[in-house]
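# Per-entry structural report
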Amino acid sequence: MKLALHDTPNLSLNPKTSLWKQTQKARVAFLYLLPSILLFSVFIFYPMFKTIYLSFFLTDQQGEAALFVGLDNYQDLLTSQSFHKSIKATLLFVLYTVPAGIIIALFLALMANEKLRGIGFFRVIYSSTMGISVAASSVVWLFLFHPSTGMFNRVLNLFGIAEIQWLLDPDWALFSVSVSTIWLNLGFSFLIILGGLQNIDEHLYESARIDGASYWYQLRRITIPMLSPTLFFIITISLINSFQTFGQIDILTKGGPSESTNLIVYSIYKDAFINYQFGTASAQAVVLFICVLLLTILQFKLGEKKVHYQ
Amino acid sequence: MNIRNKLLLYLLLFFSAFLLFFPILYAFMISFMSSDEILHGKFFPAAFHLENYLKVFDRLPLLKYLLNSFIVSTSVMIGQLIVCSMAAYAFVFIQFKGRNFIFFLFISTMMIPWEATMIPNFITILKLDWFNTYQGLTFPFFAAAFGTFLLRQNFLTIPKELHEASQIAGLNTVQFFIKVVLPVSKTSLVTLGVYSFLSTWNQYLWPLLVTTNDSVRTVQIGLKQLQTQETATDWGVVMAGVIVVIIPTLLLLFLGQKQLQKGLTQGALK
Amino acid sequence: MAKKLKWFMMFSSFLCLFLLGACSNSASQSKNNENESSNNSSEDNTEESGPVEVSFWHAMSGSGQEAIEDVVNDFNESQDKYIVKPEFQGSYEELLPKFRSVGGTKDAPAIVQTYEIGTKYMIDSGYIEPVQSFIDRDNYDINQLEANILNYYKLDDKLYSMPFNSSTPVLLYNKEAFKEAGLDAENPPKTFNEIKEAAAALTKKNGSNTERFGFSMLTYGWFFEELVATQGGLFVNNDNGRSDQATEATFNSEEGLRVFNLLNDLNNAGHFGNFGTNWDDIRAAFQTGKVAMYMDSSAGVTDTIKNAPFDVGVGFIPYADETERQGVVIGGASLWMSKGISKANQEAAWEFMKYLQTPEAQAKWHVATGYFAINPAAYDEQIVKDKWAESPQLKVTVDQLQATIPSVATQGALISVFPEARQQVVTALENLYQGGNPKEELDKAVEATNKAIEVANKTKK
């Protein structure tokens, strides 16, 4: 294929040669992108198309498309109360976890960016949650949340406050899961933001200090703008990740109580793995995909303009 | 910084470190407790018994699991670094038609819920006859939109002048990529390396699906084997397993952290 | 350059650390692999050299896994023609999709363990060989086995899978709390009303906090099903799906409503403690005295007796005052034989299944896990007698099973969408505990289950 293309320019007329030249960059780029494109095609695009295809069917027990139903699966979703609950829970979850997680991580990173003795120790501690798996950490949180012997309720008891049913009260469960999620993702956000902070040119601060600028002024006028590519990155990633949260739900609440923590991805997992309804699971996956896609496009359109690149 | 501020900062640092590390500390404490102590929600074990640790190693081929996890995570890390840096390079330094579109196509792969693609991928692996192999555990993760995105964001901060200068110096794209871009972006490469290593280390559902026996299984599956459903779980043993599993990752974070700092303070370009 | 070298050194030393640590293990691993490959080839050839090796997929973790490995080892040592390899595949939910993908091919494991609510799915799947074909061929006598367990796995008098780990729910109670509340500790409540009275007496309040709840139940569909069945109520139509494909859920009948009303009354009175969906959570609550009576699986009784710092009583599960006690439905899991694998492998699976039924194997299994012995002769074995002498409560669990009156109600429902039905019941229970109306919540659950049944039946050939 490539050889054949190589031969043509010599024989052909001028316009074609220039086309060959024009596309030269694209071809080089293609070579660089080839491994990614190949792998994505096999492991992501192909399953994605299969998912879209299945979303128009009811599947039999073997998970094969069995009955074409057109848009019925989607229609069912739109009218289904539990899917509405799912969407609401997912949006709330994103709202609880993303801003809080990034602000706390930024706060920690700003502290850990100071040049102090033993700061390396704190950096390891702050990023430590990155090293603990969802499975392992959720088990620990399950212990902390335990209604009778859990640490949190024991602390409340100590202060004479009424116990809270952390994971059993529908009003609290989503909050509790969010807390453990923020904790779990903190290490990663911290590490990324710290890396961004360290990339900022020290000279900028020096000249600001000579001008007598306060800490807050420096933070607002130097740190945040210079950090904007990193912040943009971590916000995008956190948003997407939080839409995809699964592990902690599976271990902590299984979507309950009263479906209050039934995030869309968990609902997809339940339909696909436990109930063998690949049709409805696929339809949910497609809806989720479109939602996140729109949100990300919006973010790129609005956000990337504000981001300051060197 | 004056003494008062410094003290305040240390206080804050310690306080947040304690809060953040508390769950891990708690797991560490539980791993030494007898089931009776755990039941009563004690924080400090009466004595530091090693029984739970002995039981964990007795129950599971934990060292083999650790080795497997290590091989799988390292492979994914190396694979991702190569594949993603190549893609990110194309997105930043080569002007071509449809660049933004393809980039967005890449990014969009992040939004596809992994749980939805898992079954088709599982069948692909089955057809490739990659059951119980390291390939099956690693290949699907070599290309990552996340890694490409991370590196792209970093490559974008490389001054344009550097590119022009290297062209004048007669470097071709491959040379520029390997000799200039990669060394300059060491920090992000380490970040991505640490990230891909840890996220692979922490995977559970996929390794479980594509393996049927212990030959290439990873530690997270081991952890799961310690917990039970209908009968009582021995939490002390589970926590001992948790601790054993997170020690290597904490170690890696520690080393990666040091390297990150060093690379930054000594970096000639900064 | 020097920096690079340093990083590389650090990295490789890390690697060495691991390699060293795992040296011994990896050696044995490669040996295993050789074994495996040589065996795969022997599977294809009809003439075999050496023992036939087959895989046994199971979902038992923790102590159950240890027990299963012991039993399998005993089998492997008892003869030299077959080797069974137990392989953990995650939870029941995680195991099934995997089996579904390899089912019917020669990659399928010879033996696979599936939870009771997957029974209908397995029968319909076409991936399995009913064990009845081997029973008929060998004229194997299955009447020695516990009839109340076999009933669950029989359809049209045909046994599809070999029962394995079987359990039923029981009522556990704190004897000390009973005495303290002035109740008869040797005579636990039997009916719904007696439960209510006892729960009222057992509940202890301290201001706004409840120090001890009278009664609790894990928020799990299984317990609800059992409380309906013991009144003789059906879960789905067409004789619980046993005379024909079920088309409608019927658990919002008066039997189902009685259960919901009981839980609602207890909850409204503040005598019911909600400890969620996690087995370990509710047990911890009981063992720390937070709740005085609760329903648990018979398989969990042994550990609870061992861990609780007080005397634990075991009773039958309660039934409604208006009805007679019918008994319990079996839960747990059974073993299935794959279709499409070589004859020799099926033979190995069959031999293993037969071995499992021996009183010695069952006695060991019962003592190690607390699951029932499928072969009641096991209860005469010395190790069981010793165990029962130590904790006589265990016998109650067996008594309850053996007192069960066989009927379609106590045989249990057969529906392919059982997992979803259970999720619906869980949601209904959770809504109920938050103040929902018993009738409405139950109707909602039935409606959702009906929809799932309808969808599933649409795609059936």
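Conventions adopted
Residues numbered from 1 in each chain as written. Chains lettered and ligands numbered in written order. Predicted model: local features only at pLDDT ≥ 70, side-chain atom pairs only at ≥ 80, totals over all residues. Helix = DSSP H or I, 4+ residues; strand = E, 2+ residues; numbered from the N terminus. Buried ≥ 20, exposed ≤ 12 C-beta atoms within 10 Å, placed from the backbone. Contact = placed C-beta atoms within 7 Å. Pairing = 2+ DSSP bridges. Axes fitted to C-alpha atoms, helices over the stretch in contact; angles between N-to-C directions. Nonpolar A, V, L, I, M, F, W, Y, C, P; charged D, E, K, R; others polar. Domains from an automatic or database assignment. UniProt positions renumbered as here; feature names shortened; annotations may be inferred. Arc of directions from axis to C-beta. Parallel < 35°, antiparallel > 145°, perpendicular 65-115°, else oblique. pLDDT = per-residue confidence, 0-100. Expected span 1.5 Å × (residues − 1).

### Brief notes about the overall build of chain C
Scanning chain C from terminus to terminus reveals 20 helices and 13 strands. For chain C, with 461 residues in total, the buried portion stands at 54%. A fraction of 74% describes how many contacts in chain C between residues 6 or more apart in sequence connect residues 24 or more apart.

### Some details on unusual backbone geometry
Positioned with a positive phi, Asn132 of chain B is a non-glycine residue whose angle comes to about 55°. With respect to the helices, strands and loops of the structure, Asn132 of chain B is situated in the loop between α6 (114-127) and α7 (134-138). One non-glycine residue with positive phi stands out, namely Asp156 of chain C, at about 50°. In this fold, Asp156 of chain C is placed in the loop between β5 (154-155) and β6 (158-159).

### Observations concerning the sheet that holds strand β11 (residues 291-297) of chain C
All names here are of chain C. Taken in spatial order, the 5 strands line up as β9-β10-β11-β8-β12 in an open sheet, and their pairing is mixed. With one partner strand each, in any of the chains shown, β9 (204-206) and β12 (312-315) form the two edges of the open sheet. The mean angle between the axes of side-by-side strands here comes to 30°, regardless of whether they run parallel or antiparallel. Note: strand β8 (residues 169-174) against β12, 4 bridges, orientation antiparallel. Across the sheet, Leu171 pairs through a bridge with Gly315, a residue of β12. Packing against the sheet, helix α17 (residues 393-402) makes contact with β8 and β12, and its axis sits at approximately 10° to β12.

### Notes on the interface of chain A and chain C
Listed as interface residues are 27 residues of chain A and, on the opposing side, 31 residues of chain C. Considering every element that reaches the side of chain A that touches chain C, the biggest residue donor is helix α13 (residues 264-274) of chain A, with 3 residues. Looking at the side of chain A that touches chain C, its residues break down into 11 nonpolar, 11 polar and 5 charged.

### With respect to the interface of chain B and chain A
Taken together, the contacts link 74 residues of chain B with 76 residues of chain A. Counting residues per element, the side of chain B that touches chain A draws most heavily on helix α14 (residues 235-266) of chain B, at 13 residues. For the side of chain B that touches chain A, a count of residues per class yields 50 nonpolar, 20 polar and 4 charged.

### A short note on the domain arrangement of chain A
Assigned domains of chain A: these are domain 1 (2-42) and domain 2 (74-306). Taken over C-alpha atoms, the centre of domain 1 of chain A sits 43 Å from the centre of domain 2 of chain A.

### Topic: the UniProt feature "domain: ABC transmembrane type-1" (unreviewed entry) in chain A
Here, the residues flagged by UniProt with the feature "domain: ABC transmembrane type-1" (unreviewed entry) are residues 87-299 of chain A. Helix makes up 76% of residues 87-299 of chain A and strand 0%, with an end-to-end C-alpha separation of 20 Å.

### Some details on the UniProt feature "transmembrane region" (unreviewed entry) in chain A
All names here are of chain A. Taken from the UniProt record, the annotation "transmembrane region" (unreviewed entry) applies to residues 29-49, 91-112, 124-144, 172-197, 218-240 and 281-300. The span residues 91-112 shows a helical share of 100% and a strand share of 0%, and its end C-alpha atoms are spaced 31 Å apart. The span residues 172-197 is 100% helical and 0% strand by assignment, and the distance between its end C-alpha atoms comes to 35 Å.

### Section: α17 of chain C
Residue and element names in this part refer to chain C. Every buried residue of α17 is listed here: Leu394, Thr397, Gln400 and Leu401. Along the axis of α17, the buried residues cluster in a sector spanning 120°; they form a single face. Structurally, α17 contributes buried residues whose contacts are with α6 (147-153), β8, α13 (301-307), β12 and α16 (382-390).

### Focus on the pairing of strand β2 (residues 65-68) of chain A
All names here are of chain A. Sheet topology places strand β1 (residues 57-59) next to β2; 3 bridges connect them, and they run antiparallel. The residue bridging Leu58 from the neighbouring strand is Leu67, located in β2. With antiparallel pairing between neighbouring strands as the criterion, β1 and β2 make up a hairpin whose turn holds 5 residues, including Gly63 at a positive phi of roughly 85°.

### Considerations on the packing of helix α6 (residues 119-127) of chain A against helix α9 (residues 170-198) of chain A
Residue and element names in this part refer to chain A. Relative to each other, α6 and α9 sit at 135°, their axes nearing to 7 Å. Comparing their axes, α9 and α6 come out oblique. Residues Arg123, Tyr126 and Ser127 of α6 form the contact with α9, whose own contacting residues are Gly187, Phe190, Leu191 and Leu194. Residues of the contact of α6 with α9, tallied by class, amount to 4 nonpolar, 2 polar and 1 charged.

### With respect to the domain arrangement of chain C
Residues and elements named next belong to chain C. Along its sequence, chain C is organised into domain 1 (52-167 + 332-380) and domain 2 (169-327 + 412-458). Of the residues forming the side of domain 1 that touches domain 2, the biggest block, 4 residues, is contributed by helix α4 (residues 119-125). A per-class count over the side of domain 1 that touches domain 2 returns 6 nonpolar, 4 polar and 2 charged.

### A closer look at the confidence of the model for chain C
Detailed reading of the predicted model is not advised wherever pLDDT is low. Residues and elements named next belong to chain C. Confidence in the prediction of chain C, expressed as mean pLDDT, is 87, and 89% of residues score 70 or more. Confidence over residues 1-48 falls short of pLDDT 50; this stretch has 28 contacts with residues more than four positions distant or in other chains. For this predicted complex, the interface confidence comes out at an ipTM of 0.84, alongside a pTM of 0.86.

### A short note on the pairing of β8 of chain C
Residues and elements named next belong to chain C. For β8, a buried count of 6 out of 6 residues is recorded, marking the element as mostly surrounded by other parts of the structure. What you see with β8 is no split at all: Pro169, Leu171 and Tyr173 on one side and Val170, Leu172 and Asn174 on the other are buried throughout. Where β8 lies against β11, 5 bridges are found, and the strand directions are antiparallel. Paired with Tyr173 across the two strands is Met293, which belongs to β11.

### A look at the environment of Leu250 of chain B
Checked against the element boundaries, Leu250 of chain B lands in helix α14. For Leu250 of chain B, a count of 18 C-beta atoms within 10 Å puts it in the partly exposed group. Residues Leu250 of chain B and Leu198 of chain B, spaced 52 residues apart in sequence, show a C-alpha to C-alpha distance of 9.7 Å. Apart from the residues lying within four places of it in its own chain, the contact partners of Leu250 of chain B are Ser128 and Gly131 of chain A.

### Observations concerning the environment of Leu105 of chain B
Residues and elements named next belong to chain B. Along the chain, Leu105 turns up in helix α5 (residues 99-108). Of the residues examined, Leu105 has 14 C-beta atoms within 10 Å and is grouped as partly exposed. For the pair Leu105 and Val244, spaced 139 residues apart in sequence, the C-alpha to C-alpha distance is 40 Å.

### Details of the packing of α13 of chain A against α6 of chain B
Running from N to C, α13 of chain A and α6 of chain B cross one another at 30°; their axes reach a closest spacing of 8 Å. When the axis of α13 of chain A is compared with that of α6 of chain B, the two are roughly parallel. Together, Val265, Ile268, Tyr269 and Ala272 of chain A of α13 of chain A and Glu115, Ala116 and Ile119 of chain B of α6 of chain B make up the contact between the two elements. Taken together, the residues that form the contact of α13 of chain A with α6 of chain B break down as 6 nonpolar, no polar and 1 charged.

### Considering helix α20 (residues 438-458) of chain C
Over its 21 residues, α20 of chain C runs 30 Å from end to end, which matches the ideal 30 Å to within 8%, given 1.5 Å per residue. Looking only at α20 of chain C, the buried set comprises Pro438, Glu441, Leu442, Ala445, Val446, Ala448, Thr449, Ala452, Ile453, Val455 and Ala456 of chain C. Looking at the buried residues of α20 of chain C, the elements they touch are β1 of chain A together with α11 (254-268) and α19 (418-433) of chain C.

### What about the confidence of the model for chain A?
Residues and elements named next belong to chain A. Averaged over every residue, the pLDDT of chain A is 84; residues scoring 70 or more account for 92%. Element-level mean pLDDT values for chain A span from 37 in helix α1 (residues 2-11) up to 93 in helix α5 (residues 81-112). Per-residue pLDDT stays below 50 along residues 1-13; that stretch engages in 5 contacts with residues further than four places along the chain or on separate chains.

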